[in-house]
Amino acid sequence: MDSVIRILKTKWLWNIISGFYLVAYAFWVPNVFSTNLPAMILVLAVTLIVGFALLADGFLEAEGSGKASDTPDLPLKKLWRFAGAISMFGYLLVYIPPEGRIVAHWWLDMATTVFAGIMMLVYGVSDFLDIVKKAFQIRWLWSILAGFYLLVYAFWIPSLFSTNLPVMITALAITIIVGLGLLIDGFFRACELDKGPAMPGLPFKRLWRFGGAALLAGFLLIYIPPYGQIMAVAHWPFDLAITIVSGLAMLIYGIFDY
């Protein structure tokens, strides 16, 4: 079992196998799409590009394994692995009709295609989760996003509280102060990335983050009837998603001082 696990963890091996099979499947494309030239060209191009990309990445990783110097990485490696998984699963359709099983070892090809496709999917999901984990560790990014969105939401306050001037002024002042505070803290932390001198910290940082989380949660009401003025914006689902995620990030950072 230890040997099997080590083989499964050898990413470059599965990249090479997936890339090899995709390049091999490219020879089937003209026959499969013989009646549809545009589809044939598109599928052939995608298959060859993804196949050669995975082959190149696999051989580069194999060359760099065990060496001190790093070999160049394939750009957007996670995207290529997802594309490889989708392409491999797509070519399983070749084996459904009996005429697709023209070689004696078709069952071995099908099994390899299934397994290599699963490995590409597992690697792609694992890489994606790793990206998400690293993204949530970038505190300055979420501080900037939270602060920016609070300043954007401040423009909606006059219309939301147009009938109550004291409430409007109070909500507007708190939103702008907290938004600017988080923006300043985020940009200060980002400036430290170049190993320069330490920037001044935001006083009562936890309080600012809790305030940002509470305000962002409150502004979620804008997306719920009878409000919903912001629904007129075409990209409101994107704004809603960032509001929720950045609000959760501020809450987590506030609780754990992370």
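Refer to the structure printed above.
Thresholds, definitions, all that
Residues numbered from 1 in each chain as written. Predicted model: local features only at pLDDT ≥ 70, side-chain atom pairs only at ≥ 80, totals over all residues. Heavy atoms only, no water. Core = buried A, V, L, I, M, F, W, Y, C linked by side-chain atoms within 4.5 Å. Buried < 20%, exposed > 50% of the residue type's maximum accessible area, 1.4 Å probe, protein only. Helix = DSSP H or I, 4+ residues; strand = E, 2+ residues; numbered from the N terminus. Axes fitted to C-alpha atoms, helices over the stretch in contact; angles between N-to-C directions. Parallel < 35°, antiparallel > 145°, perpendicular 65-115°, else oblique. Left-handed = near helix turned anticlockwise from the far one by under 90°. Nonpolar A, V, L, I, M, F, W, Y, C, P; charged D, E, K, R; others polar. Phe/Tyr/Trp six-rings, centres within 6.5 Å; stacked < 30°, edge-to-face > 60°. Contact = heavy atoms within 4.5 Å.

1. A look at the nonpolar core
Right, on to step 1. Counting residues in each nonpolar core, the largest one holds 20 residues, and the members touching the most others are Leu150, Tyr153, Leu182, Leu216, Phe219 and Met250.
Right, on to step 2. Where this core is concerned, the elements lending two or more residues are α7 (139-154), α9 (165-191), α10 (205-219) and α11 (236-256).
Right, on to step 3. Looking at this core, the element that brings in the most residues is α7, giving five residues.
Right, on to step 4. Ranked by size, the runner-up nonpolar core spans 17 residues in total, among them Tyr25, Val50, Ala85 and Tyr95.

2. With respect to the packing of α7 against α9
Right, on to step 1. The contact between α7 and α9 brings their axes to 7 Å, and the two run at 155°. One way to sum up the angle between α7 and α9 is to call them roughly antiparallel. As for the relative orientation of α7 and α9, their crossing is left-handed in sense.
Right, on to step 2. Class assignment of the residues belonging to the contact of α7 with α9 gives a composition of 15 nonpolar, five polar and two charged.

3. Some points on the packing of aromatic side chains
Right, on to step 1. Summed over the entire model, instances satisfying the criterion amount to nine aromatic pairs.
Right, on to step 2. Taken together, a centroid distance of 5.6 Å and an interplanar angle of 80° make the contact between Phe148 and Tyr149 edge-to-face.
Right, on to step 3. We classify Phe148 as partly exposed; its relative accessible area is 45%.
Right, on to step 4. A centroid spacing of 5.0 Å and a plane angle of 15° characterise the contact between Tyr153 and Phe219, whose relative ring orientation is stacked. Of the two residues, Tyr153 sits in helix α7 while Phe219 sits in helix α10, which places them 66 residues apart along the sequence.
Right, on to step 5. Three or more aromatic residues link up through ring pairs in this structure, and these residues are Phe20, Tyr21, Tyr25, Tyr91, Tyr95 and Trp106.

4. Some points on the side chain of Ser18
Right, on to step 1. For Ser18, the location among the structural elements is in helix α2 (residues 11-25).
Right, on to step 2. Look at Ser18 and you get buried, because its relative accessible area is 0%.
Right, on to step 3. In this structure, Ser18 is in contact with Leu54, Met88, Ala116 and Met120, ignoring residues within four places of it in sequence.

5. Some points on the packing of α7 against α10
Right, on to step 1. With their axes 10 Å apart at the nearest point, α7 and α10 run at an angle of 50° to one another. Relative to α10, the element α7 lies oblique. Handedness of the α7/α10 crossing: left-handed. For the pair α7 and α10, contact is made by Arg139, Ala146, Tyr149, Leu150 and Tyr153 and by Arg209, Gly212, Leu215, Leu216 and Phe219, respectively.
Right, on to step 2. For the contact of α7 with α10, a count of residues per class yields seven nonpolar, one polar and two charged.

Interpretation note: all reported values are geometric properties and have no functional meaning in isolation.
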